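# Reading the structure
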Amino acid sequence: MGNKFLGYFALTIAIIGAVNWGLIGFLDFNLVSFLFGKMSWFSRIIYGLVGLCGLYLITFYGNMKSETDSLN
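Attention here is on the structure that accompanies the text. It should be emphasised that the depicted structure is a prediction, and the values quoted were computed from it without experimental measurement.

Let us now look at the overall build of the chain. Assigned secondary structure in the chain consists of 4 helices and 0 strands. Starting at the N terminus and walking to the C terminus, you meet the elements of the chain as α-α-α-α. For the chain, with 72 residues in total, the buried portion stands at 17%. Per element, the accessible surface of the chain, about 5,800 Å² overall, is 73% carbon and sulfur.

A few words now on helix α3 (residues 41–57). Between its first and last C-alpha atoms α3 spans 24 Å; for 17 residues at 1.5 Å apiece the expected length is 24 Å, and the two agree. By the burial criterion, the buried members of α3 are S43, I46, C53 and L57. Axial view of α3: buried residues confined to an arc of 90°, hence all on one face. Turned more than 90 degrees from where α3 packs its buried face, W41, R44, L52 and L55 sit exposed.

Checked against the element boundaries, S43 lands in helix α3. S43 gets classed as buried once you look at its relative accessible area, which sits at 0%. Once residues within four sequence positions are removed from consideration, S43 is found in contact with V32, F36 and G37.

Reading the values: the criteria
Residues numbered from 1 in each chain as written. Predicted model: local features only at pLDDT ≥ 70, side-chain atom pairs only at ≥ 80, totals over all residues. Heavy atoms only, no water. Helix = DSSP H or I, 4+ residues; strand = E, 2+ residues; numbered from the N terminus. Buried < 20%, exposed > 50% of the residue type's maximum accessible area, 1.4 Å probe, protein only. Areas by Shrake-Rupley, 256 points an atom, 1.4 Å probe, with all protein chains shown as cover. Expected span 1.5 Å × (residues − 1). Arc of directions from axis to C-beta. Contact = heavy atoms within 4.5 Å.

Laid out in structure tokens, this is it:
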């Protein structure tokens, strides 16, 4: 269960980060800075979590490869 929770948590945080980057790219609006202040300690924690979750999600590529290998 712990691994499944971590996967969903990482995916949720990465989606939030992706939406924030989309807002920055399309509308020049940073939602994290708007909600928590420009580079406040809480904003830095959120940015750090997004980065860590993105790194964790890289491992999903290995999981996808092993699942396709087991199907053959």
